[in-house]
Amino acid sequence: MLRCYIAPQHFLFSPVATMLYQIYETQRSLMEPFADLAQFSAKAYANPLSVFGQNPFAQRISAAFDLMHRLGKDYEKPEFGIRTIDADGVDIAIHERIEINKPFCELRRFKRFSDDPATLTRLKDQPAVLIVAPLSGHYATLLRDTVKTMLKDHKVYITDWKNARLVPLSDGEFHLDDYVNYVQEFIRHLQGIYGNCHLVSVCQPTVPVLAAVSLMASRGELTPLSMTMMGGPIDARKSPTAVNNLAMTKPHSWFEKNVIYRVPSNFPGAGRRVYPGFLQYAGFVAMNPSNHARSHYDYFKDLIKGDGASTEAHRKFYDEYNAVLDMDANYYLQTIKVVFQDFSLVNGTWDVRNPQGVPERVRPQDIKTTALFSVEGELDDISGSGQTEAVHAICSGVVDSEQRHLLVPGAGHYGIFSGRRWREVVYPEVKRFILEHQPKADAVAPAKPAQATATKPAAPRKVAAKKPEPVAKVAAASSEGKLAATPVAASSEVPTQKATAPSKAKAPAKTARSASVKGAAKKGAAAKTPRVK
């Protein structure tokens, strides 16, 4: 996901800084009717009852028009579309709603309902989790699989970042500092409901989330019970990838000159300086052009063969992959400087302005009562090996027994939060870690967290993840069941009594910091998926 920050295509767009976005929008508007015509033609030739369908080459012609339509159409923001989940054989209804609406972000809640008394009792005491989605090109719906899986055992909230071109200039600018302040506000919101919460950050937000919790700890505020950080550039100097290298070698002024443009007049955010989504998409494709070309050609062949499962898998993947958003220029440029050039977090030189405009130094070593869990993929080509694990070195105030690291063999960047490896290998460990640090439901929350003692913990043992279940079994367990015919009786999202933050359920000796998963999950899926990293 960090590909949005830097990508080879940026070399192509240095001139016409104020006109490029408008030129792109004009071209897109001109192509739109042709894309619609291609869609109509594809359906006409695919219909055996139509005159066009009588053509002996109708299936091939229909497939060609279908591919033309998908290559030329405009992709809007997808929906999460999580209506129900299956938890232990019981169908649970999901109601998605906006809890907090900020100028650049919405805090979404996935409220669970059930008419089964036993299920309600079980769900009420489950942990509350805030998933901080990346603001790095794609929408938060990229974490749909993450949300759906976690809903079985947690009360789930997620940050849904807005497309900057839809935010009027009257709402002001958006900086990385604002991102940090948003996260703190959302944490306090969940703490006000449940007493405390757990954090899960995926990719880019690992840096601002760590900053948010560090600042809260420095002020003596109640901090989250645990932080799970997955595939993020905490220290981008470690095992730098091609994505990191460009950000490190180009001066800050180069990015401002070559990738920042103003939103055209036909959008609510007209005049706002942004890093456009269409440039980011070009960067995504430029990283693996042959893979994308092969994927589209396979889609064309599957249409001819009538392989509905494979074609539907392709559509779902690219409906998500092709939907991109604009990022405010100030946020993007500050991220490049802080994370990839100055390495301000790990160097201890990062000052974040609070909502009152007062700069505060980010001090991760002040975190005492929040447990840390880092997750990395062995084959991650976005955040290299060791970049996320670096969080343990700078959070020196957290005792070793409250820290854990997980390396997932055979997993790429997306594999640690979506797909089979996420469900079979990563999620069981994340679930266990959160549960170990979830206090008893009948505890009472104090005003401030107690400071952790400085005693040296016993040497923890290493942990190996459970052997992954067969693919067919997992697929069946994670599928959405039909909603029961009986009316919904009650909500499972009743706040529990506020819980004591310091009295975490101490994990036994198996909370090993250096835990590494043994053995990758077996390959295989019923339908082919696009071969794109």
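These numbers come from a predicted model, not from an experiment.

A.B. asks: Even after reading the chapter, I still don't get the overall build of the protein chain, so can you show me in this structure?
C.D. replies: The helix and strand inventory of the protein chain stands at 16 helices and 15 strands. Relative to its 533 residues, the protein chain shows a buried fraction of 55%. Long-range pairs, those at least 24 residues apart, make up 82% of the contacts in the protein chain between residues at least 6 apart in sequence. As presented, the protein chain carries roughly 22500 Å² of accessible surface, and 57% of it is formed by carbon and sulfur atoms.

A.B. asks: What should I look at first to understand the pattern of salt bridges in this one?
C.D. replies: Where charged atoms from two side chains of opposite charge come close, those side chains can pair. Within this structure, the stated rule accounts for 31 salt bridges. Between lysine 77 and aspartate 160 there is a salt bridge, with its nearest N and O atoms 2.7 Å apart. Highlighted residues: lysine 77 in the loop between helix 2 (58–72) and strand 1 (84–87) and aspartate 160 in strand 5 (residues 155–161), separated in sequence by 83 residues. Taking the relative accessible area as the measure of exposure, aspartate 160 reaches 1% and is therefore buried.

A.B. asks: Looking at this structure, how should I read the packing of helix 7 (residues 242–249) against helix 12 (residues 329–341)?
C.D. replies: Here helix 7 crosses helix 12 at 105 degrees, and the two axes come no closer than 9 Å. One finds that helix 7 runs roughly perpendicular with respect to helix 12. Contact residues: helix 7 offers Asn244, Ala247 and Met248, while helix 12 offers Ile336, Phe340 and Gln341. Of the residues that constitute the contact of helix 7 with helix 12, the class distribution is four nonpolar, two polar and no charged.

A.B. asks: Looking at this model, I keep getting lost on the nonpolar core. Mind explaining?
C.D. replies: Considering soluble globular proteins, one finds that nonpolar side chains tend to be buried as a cluster. In this structure, Leu130, Tyr179, Leu210, Met227, Ile234, Tyr332 and Trp350 are the most contacted members of the largest nonpolar core, which totals 77 residues. Ignoring any residue separated from it by four or fewer positions in sequence, one finds leucine 210 in contact with Met227, Met229, Ile234, Leu345, Ile367, Val391, Ile394 and Cys395. Judged by nonpolar contacts, the second largest core, of 39 residues, contains Phe80, Ile92, Leu123 and Val129.

A.B. asks: How should helix 15 (residues 420–436) be read in this particular structure?
C.D. replies: What sets the pattern is the α-helix's 3.6 residues per turn: residues three or four places apart point alike. The terminal C-alpha atoms of helix 15 lie 24 Å apart, and with 17 residues this matches the ideal 24 Å at 1.5 Å per residue to within 8%. Taken as a whole, helix 15 carries its principal kink of about 45 degrees at valine 426; the proline proline 428 stands between one and four residues after it.

A.B. asks: Honestly, the sheet that holds strand 10 (residues 327–328) in this entry has me stumped. Any pointers?
C.D. replies: Strand pairing in a sheet relies on backbone hydrogen bonds. The paired strands run either parallel or antiparallel. Taken in spatial order, the three strands of this open sheet run 8-9-10, and their pairing is antiparallel. Of all strands in the sheet, those with a lone pairing partner are strand 8 (261–262) and strand 10, marking the two edges. Sheet topology places strand 8 next to strand 9 (residues 273–275); two bridges connect them, and they run antiparallel. Among the inter-strand pairings, arginine 262 is bridged to a residue of strand 9, identified as arginine 273.

A.B. asks: What's the story with the packing of aromatic side chains in this structure? I'm lost.
C.D. replies: For any pair of aromatic rings, geometry is given as the distance between the ring centres together with the angle between the planes. Under the counting rule described, the total for this entry stands at 25 aromatic pairs. Look at tyrosine 318 and tyrosine 321: their rings are 5.9 Å apart centre to centre, the planes differ by 75 degrees, and that puts the pair in the edge-to-face class. Of this pair, tyrosine 318 and tyrosine 321 both sit in helix 11 (residues 308–321), three residues apart, roughly one helical turn. The buried category is assigned to tyrosine 321, whose relative accessible area is 4%. These aromatic residues form a ring-pair network of at least three members: Phe104, Trp161, Phe174, Tyr179, Tyr182, Phe186 and Tyr331. Taking the ring centre of tyrosine 75 as reference, the NZ or CZ of lysine 73 above it sits at 4.8 Å. Sitting over the face of the ring of phenylalanine 343, arginine 237 holds its NZ or CZ atom 5.4 Å from the ring centroid.

A.B. asks: Help me out: how do you make sense of the pairing of strand 6 (residues 198–202) in this one?
C.D. replies: One face of the sheet, then the other: side chains in a regular strand alternate in exactly this way. The buried fraction of strand 6 is high, at five of five residues. A two-sided burial pattern is seen for strand 6, the buried positions comprising His198, Val200 and Val202 on one face and Leu199 and Ser201 on the other. As defined by bridge partners, strand 4 (residues 128–132) adjoins strand 6 across four bridges and the pair is classed as parallel. By the bridge assignment for strand 6, valine 132 is matched with serine 201. Taken together, the five bridges between strand 6 and strand 7 (residues 226–230) define a ladder with parallel strand orientation. Paired with valine 202 across the strands is methionine 230, a residue of strand 7.

Rules used in this analysis
- Residues numbered from 1 in each chain as written.
- Predicted model: local features only at pLDDT ≥ 70, side-chain atom pairs only at ≥ 80, totals over all residues.
- Heavy atoms only, no water.
- Helix = DSSP H or I, 4+ residues; strand = E, 2+ residues; numbered from the N terminus.
- Buried < 20%, exposed > 50% of the residue type's maximum accessible area, 1.4 Å probe, protein only.
- Contact = heavy atoms within 4.5 Å.
- Areas by Shrake-Rupley, 256 points an atom, 1.4 Å probe, with all protein chains shown as cover.
- Salt bridge = Lys/Arg side-chain N within 4 Å of Asp/Glu carboxyl O.
- Axes fitted to C-alpha atoms, helices over the stretch in contact; angles between N-to-C directions.
- Parallel < 35°, antiparallel > 145°, perpendicular 65-115°, else oblique.
- Nonpolar A, V, L, I, M, F, W, Y, C, P; charged D, E, K, R; others polar.
- Core = buried A, V, L, I, M, F, W, Y, C linked by side-chain atoms within 4.5 Å.
- Expected span 1.5 Å × (residues − 1).
- Bend = angle between axes of the 7 residues up to and from the residue.
- Pairing = 2+ DSSP bridges.
- Phe/Tyr/Trp six-rings, centres within 6.5 Å; stacked < 30°, edge-to-face > 60°.
- Lys NZ or Arg CZ within 6 Å of the ring centre and 35° of its normal.

In short, shape yes, function no, at least from these values alone.
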